[in-house]
Amino acid sequence: MITPRIEDYLEELFLLESTGREVTVTDLAERLKITKGTVTATVQKLVEMEFLKHERYGNLHLTDAGRRKGMTVFRRHEGFRAFFHELLGLDRDHSSEMACSMEHYVDSVTEERLYALLEFFRKARAEHQPWIDEIFIAIEKPILIVPVPLTICEINSEGAILRHTAEEPLRKKLIEMGFTNGAKVKLTAITQQDDGEIYTCKLGRKLIDLPLNEAATIWIQQEAN
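Residues numbered from 1 in each chain as written. Predicted model: local features only at pLDDT ≥ 70, side-chain atom pairs only at ≥ 80, totals over all residues. Heavy atoms only, no water.

## Side note on the overall build of the protein
Here's step 1: Scanning the protein from N- to C-terminus turns up nine helices and eight strands.
Here's step 2: Taking 17 Å as the expected radius of gyration for a compact globule of 225 residues, we find that the protein reaches 27 Å, considerably beyond that expectation.
Here's step 3: Taken across its 225 residues, the protein has 35% of its residues classed as buried.
Here's step 4: Of the accessible surface of the protein, which amounts to about 14200 Å², a share of 54% is contributed by carbon and sulfur atoms. (Helix = DSSP H or I, 4+ residues; strand = E, 2+ residues; numbered from the N terminus. Rg over C-alpha atoms; globule rule 2.2 N^0.38 Å. Buried < 20%, exposed > 50% of the residue type's maximum accessible area, 1.4 Å probe, protein only. Areas by Shrake-Rupley, 256 points an atom, 1.4 Å probe, with all protein chains shown as cover.)

## Some points on the pairing of strand β6 (residues 196–203)
Here's step 1: Counting buried positions over the eight residues of β6 gives six, a clear majority of the element.
Here's step 2: Of the strand pairs in this sheet, strand β5 (residues 184–193) and β6 are connected by eight bridges, and their pairing is antiparallel. Each residue of the ladder has a partner; that of Lys186, found in β6, is Lys202.
Here's step 3: Hairpin connection, β5 to β6: the antiparallel pair is bridged by two residues.
Here's step 4: Of the pairings in the sheet, the one linking β6 to strand β7 (residues 206–211) comprises six bridges and is antiparallel in character. The residue bridging Leu203 from the neighbouring strand is Lys206, located in β7.
Here's step 5: The antiparallel pairing of β6 with β7 creates a hairpin that spans two residues between the two strands, and Gly204 there sits at a positive phi of about 65°. (Pairing = 2+ DSSP bridges.)

## Description of the sheet that holds β6
Here's step 1: In space, the six strands of this open sheet follow the order β3-β8-β4-β5-β6-β7, with antiparallel pairing throughout. The two strands at the open ends of the sheet, each matched to only one other strand, are β3 (148–149) and β7.

## Topic: the packing of aromatic side chains
Here's step 1: In this structure the tally under the stated criterion is five aromatic pairs.
Here's step 2: Relative to Phe84, the ring of Phe83 has its centre 5.5 Å away and its plane inclined at 75°; by these criteria the two rings are edge-to-face.
Here's step 3: Of the residues examined, Phe84 reaches a relative accessible area of 7% and is grouped as buried.
Here's step 4: Residues Phe120 and Trp131 carry aromatic rings whose centres are separated by 5.7 Å and whose planes lie at 15° to one another, so their mutual orientation is stacked. Pair noted here: Phe120 is in helix α6 (residues 108–126) and Trp131 is in helix α7 (residues 131–139), with a separation of 11 residues, a long-range link.
Here's step 5: When its relative accessible area of 51% is taken as the criterion, Phe120 is described as exposed. (Phe/Tyr/Trp six-rings, centres within 6.5 Å; stacked < 30°, edge-to-face > 60°.)

## With respect to a nonpolar patch on the surface
Here's step 1: Taken together, the side chains of Leu88, Ile135 and Ile139 make up a nonpolar region of the molecular surface, amounting to roughly 200 Å² of accessible area.
Here's step 2: Tracing the backbone through its elements, the reader meets Ile135 in helix α7. (Patch = residues over 30% accessible without salt bridge, like charges linked within 9 Å, V, L, I, M, F, W, Y side chains within 5 Å. Salt bridge = Lys/Arg side-chain N within 4 Å of Asp/Glu carboxyl O.)

## Points about the side chain of Glu214
Here's step 1: With respect to the helices and strands, Glu214 occurs in helix α9 (residues 212–215).
Here's step 2: Setting aside anything within four residues of it in sequence, one finds Glu214 in contact with Leu170, Lys173 and Leu174. (Contact = heavy atoms within 4.5 Å.)

## With respect to unusual backbone geometry
Here's step 1: The omega torsion across Glu168 and Pro169 is 5°, close enough to zero to call that bond cis.
Here's step 2: Relative to the elements of secondary structure, Pro169 occurs in the loop between β4 (158–164) and α8 (170–176).
Here's step 3: Even without a glycine there, the phi angle at Asn156 is positive, about 80°.
Here's step 4: You can see Asn156 is positioned in the loop between β3 and β4.

## What to know about helix α2 (residues 25–32)
Here's step 1: Every buried residue of α2 is accounted for by Val25, Asp27, Leu28, Ala29 and Leu32.
Here's step 2: Those residues of α2 that are buried lie in contact with α1 (4–17), α3 (36–48), β1 (52–54) and β2 (60–62).

## Considering the side chain of Arg81
Here's step 1: Along the chain, the position of Arg81 falls in helix α4 (residues 64–87).
Here's step 2: With sequence-adjacent residues up to four places away left out, Arg81 is seen in contact with Arg92, Ser95, Ser96 and Ala99.

## Quick notes on the pattern of salt bridges
Here's step 1: This model, assessed by the stated rule, comprises 13 salt bridges.
Here's step 2: With its nearest N and O atoms 3.8 Å apart, the salt bridge here joins Arg5 to Asp8. Here Arg5 pairs with Asp8, and both are found in helix α1, just three residues apart, close to one helical turn.
Here's step 3: A residue is classified by how much of its surface remains accessible, and Arg5, at 36% relative accessible area, is partly exposed.
Here's step 4: Across the pair Lys69 and Glu7 runs a salt bridge whose closest N-O atoms are separated by 3.3 Å. Here the residue Lys69 occupies a position in helix α4, and Glu7 occupies one in helix α1, the gap between them amounting to 62 residues.

The structure is reproduced here in structure tokens:
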């Protein structure tokens, strides 16, 4: 089984090989910031998986399969790093850290589409398309207000209903009560009763009490303070 850790080794071996120098266990341990003993054990696994050739006390040499796998992991790392740095405007170090977390969990189709998006973006930027600046303005807004269920809201928070996650017939009941998409709702109180929490909402001019199981199914887009 090719684990994320195995992929990390192959990526570093590929990068070390690309410098043109002979690669040793010591080089790999320094690169990965782990002990030589740990590296030696994993190197043996890589040899058994036919990703690596290693003579006792000799240098490390990737096989064709190991080289191709290492290049694939590296390419995905670079794609995500570029996405976070060039498109989202994150700094290089943070972009690289994020890429390291994600490079192991993407398939070839996702990778291809990621690169297609990057190339589209780079071409538009080279052509000085005006919407490029609009994108950066939009993503640099300090707060992204995400929809939340009423049960997550603070008292006196308000917003518009975006969706319902209740199953029928509860969904139909709530809509008939006025909890329709787009309707403005304000959470005015949360009280504890013997049979559970009650969420009191202002809907138009009405105050409506909802038990927790009903309030949890109504998602709103809260208004910014």
